[in-house]
Amino acid sequence: MKKTFVFILAVLLILAAAVPPVFASSSSPQTGDTDALAEDTSEETYPQDYIPTVNYYIGQVLLVEKVNYLEDISLDYNLVRQTCEVKIISGPFKDRVYTIVNTVDSTDPKSLDLNVGDKVMLCVEMTEDDTEISNIYIDDYYRVNYVMILFGVTMLVLLAVSLFRGLKMLVNITAFLASFAFIFIPLFFRGVSPALIMVPVCALFAFANVMVEIHFGERGWYTFLSVAVALGVTALVAYIGEMLCHTYGLNETEITMLMYSNQHIKFDLSGLNIALSMLVALGAAIDVNIYISEYMESYKTNAPYMSRMDLFSYGMEVGREALDRDVLTLMFASFATIIPSWVVYSSYSTPLMQLLNMDIVAGQLVRLLSGIIGVAVSVPLNCWIHSLVLKGRSLY
C-alpha cells in the first residue's frame, strides 16, 4: 500500500502542472463517402475567408432507404445511395432528427453501409454565429464506446493478473493520457517545441516509476540518472537523424491539415520527431534500468564477497537480457505502424528503396533506432554506477 500511495502521489504531482485543455474544434469536414446535407437546413454561403466551426456529435440511424442507382455485374461494381434518418443523441442539439444521404461504393472498403440502429459520428458545420447547424454529414462509425469497453476489460485483466503492478499500469496509462491532453496539446498549440514539452513530462514519469519501484534513496537516484541518460542520448540521436533525414514525424496529409487549421499558429514541428523518440524509449529505459538495479542489489546481498568487476559483469548479463526483451517489443510495435504503408505501396509495385525513403517510414525508423541506442547506452552506465555504489571503489 505504501508503494501505491507514493506512486499515486507522484502522478498527482505530474498532473498538478497541467494547463487547461483546448476544447475548441475547428476544421473542414471529411466528405469521404458521406456527401450529405441536413433536410431542414439550407446550405449557407460564408464569407470568402471564413472557416465554419465544426463540431462532432454522436448520432443513431433510425431509418435507411436504399436505392441501387449504378451497377456493373461484369466488374462486380455496385453503387448504392442510402437516404438515412439520423437522430443526434449527444450535445446541445440532442434528439434532433436529420435526413442525410450516404453513398455506398462496393469497391471502397471505407464506405459506410449503414443499418438501422448503427451509431455514427456526425460532423456538424455551424452557422457564422455558432448558434445553429448549417450542414451535417456522417463522418464515420462511432467506435469510442467499444474502445472504452475493451479498455475496461484490459484493465480488469491486468488488475486480476498483476495486482499492484496492474494498478500501477492503470495509473500510468491514465496519467499519460491526461498529460498529453492537458499539457502537450495545449502547449503545442501555443507554439512551444514538442521536444521541450516532452522533456519534463518524460522526466516526471521516469522519476515517479523509479522511486516507486526502488524507493527514495541512493540507488533510486542513480537509476533515475541512468534513465535520464538514456532519454538524453535518444534525443541527441533523434536530433541528428532528423537533421540528416529531414523527417518531421507526420505524413503529408497531417502536415497539410495543420497548415490549413484555423488555430492561426505557426506550429513548431522541428522537435516532434525528438519528442516521439523519447516517448518510444521511455518505457524501455525505465524497465531495463530498474531491472538491472534490483537484480544487482539482490545478487550483492546473496554474494557479499564478490568483486566489483564480477558485480559489473553480472549487471551487464542481466542488462543484456532485459535489453533483448525490450528491443524486441519496440521493434514489433514500430514495425506494426510501418506494415500498413508497406502493404499499400507494394500494391503499386513501389520499390523498397522508395518505401524506406518516405517520411512516415524513415521517421518511424529514426525514432525506433534512436530509442534503442539510448536504452543500450544506459545499460553499462547503470551497471558501472551500481557496482561503485554497492562495492565502493575497490576492484575487489
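Residues numbered from 1 in each chain as written. Predicted model: local features only at pLDDT ≥ 70, side-chain atom pairs only at ≥ 80, totals over all residues. Heavy atoms only, no water.

Turning our eyes to something else, we now look at the confidence of the model for the protein chain. Across the protein chain, pLDDT averages 79, with 81% of residues at or above 70. Within the protein chain, helix α1 (residues 2-16) has the poorest average pLDDT of any element, 46, and strand β4 (residues 119-126) the best, 92. Between residues 4-43, whose pLDDT stays under 50, and residues either more than four places distant or in other chains, the model counts 80 contacts. (pLDDT = per-residue confidence, 0-100. Helix = DSSP H or I, 4+ residues; strand = E, 2+ residues; numbered from the N terminus. Contact = heavy atoms within 4.5 Å.)

Met198, Val227, Leu231, Met278, Leu282 and Val375 are the most contacted members of the largest nonpolar core, which has 52 residues in total. Elements with a contribution of two residues or more to this core: α3 (164-189), α4 (194-214), α5 (218-245), α7 (272-302), α8 (308-346) and α10 (359-391). At 14 residues, the largest contribution of residues to this core is made by α7. If we skip the residues at most four places from it in the chain, Val227 touches Ala206, Val210, Ala285, Ile286 and Asn289. (Core = buried A, V, L, I, M, F, W, Y, C linked by side-chain atoms within 4.5 Å. Buried < 20%, exposed > 50% of the residue type's maximum accessible area, 1.4 Å probe, protein only.)

We now examine the packing of aromatic side chains. In this description, a pair of aromatic rings is defined by centroid distance and the angle of the planes. Under the defined criterion, the tally for this structure stands at nine aromatic pairs. Between the aromatic rings of Tyr57 and Phe93, the centroid separation amounts to 6.0 Å while the plane-to-plane angle is 75°, which identifies the pairing as edge-to-face. Of this pair, Tyr57 sits in strand β1 (residues 54-72) while Phe93 is found in the loop between β2 (77-88) and β3 (97-105), placing the two residues 36 residues apart along the sequence. Consider the rings of Phe184 and Phe188, whose centres lie 6.3 Å apart with planes at 10°: the pair is stacked. In this pair, Phe184 and Phe188 are both assigned in helix α3, four residues apart and thus about one turn of the helix distant. Residue classification places Phe188 among the buried residues on the basis of a relative accessible area of 7%. Site record: aromatic cluster; members linked through ring pairs are Phe176, Phe180, Phe184, Phe188 and Phe189. Looking at Arg325, its charged tip hangs above the ring of Tyr291, at a distance of 5.0 Å from the centre. (Phe/Tyr/Trp six-rings, centres within 6.5 Å; stacked < 30°, edge-to-face > 60°. Lys NZ or Arg CZ within 6 Å of the ring centre and 35° of its normal.)

Attention now moves to the environment of Ser334. Position of Ser334 among the secondary structure elements: in helix α8. Accessibility expressed as a relative area gives 5% for Ser334, which makes it buried. Measuring from C-alpha to C-alpha, the distance between Ser334 and Arg367 comes to 8.8 Å, with 33 residues separating the pair along the chain. Apart from the residues within four sequence positions on either side, Ser334 is in contact with Gln364 and Leu368. A polar side-chain atom of Ser334 sits 3.2 Å from a polar atom in the side chain of Gln364. (Polar contact = N/O pair within 3.5 Å; in protein donor to acceptor, adjacent residues only side chain to side chain.)

With seven of nine residues buried, β3 is to be regarded as a mostly interior element. Sheet topology places β2 next to β3; nine bridges connect them, and they run antiparallel. Bridge pairing links Thr83 to Val101 in β3. (Pairing = 2+ DSSP bridges.)

Inspection of every chain in the model, using the stated rule, returns one cavity of 30 Å³ or more. For the largest cavity, the calculated volume is near 40 Å³. Around the largest cavity sit Phe176, Ser179, Phe180, Phe184, Met198 and Val201, which together line it. When contributions to the lining of the largest cavity are tallied by element, the ones reaching two or more residues are α3 and α4. Broken down by element, the lining of the largest cavity gets its largest block of residues, four residues, from α3. (1 Å grid on protein atoms, 1.4 Å probe; cavity = no way out; pocket = protein on both sides within 12 Å on 5 of 7 lines; lining within 4 Å. Points joined across faces, edges and corners; volume = space filled by probe spheres on them.)

Of note in this structure, Asp95 is not a glycine but carries a positive phi near 80°. Residue placement: Asp95 occurs in the loop between β2 and β3. The partly exposed category is assigned to Asp95, whose relative accessible area is 49%. Unlike most non-glycine residues, Asp130 shows phi in positive territory, near 60°. Relative to the helices and strands, Asp130 resides in the loop between β4 and β5 (133-141). By relative accessible area, Asp130 is classed as partly exposed at 40%.

The end-to-end C-alpha distance of helix α2 (residues 144-162), which contains 19 residues, comes to 26 Å, matching closely the 27 Å that a straight helix rising 1.5 Å per residue would cover. The first or second residue beyond α2 is Leu163, which carries a positive phi of 55°. (Expected span 1.5 Å × (residues − 1).)

Quick look at the pattern of salt bridges now. Enumeration over the complete set of coordinates arrives at seven salt bridges. Residue Asp113 pairs with Lys66 through a salt bridge whose shortest N-O separation is 3.5 Å. Within this pair, whereas Asp113 is found in the loop between β3 and β4, its partner Lys66 is found in strand β1, the two being separated by 47 residues in sequence. Between Glu132 and Arg96 there is a salt bridge, with the nearest N and O atoms lying 2.9 Å from each other. Highlighted residues: Glu132 in the loop between β4 and β5 and Arg96 in the loop between β2 and β3, separated in sequence by 36 residues. Counted as one network, the salt bridges with shared partners bring together Lys110, Asp140 and Arg143. (Salt bridge = Lys/Arg side-chain N within 4 Å of Asp/Glu carboxyl O.)

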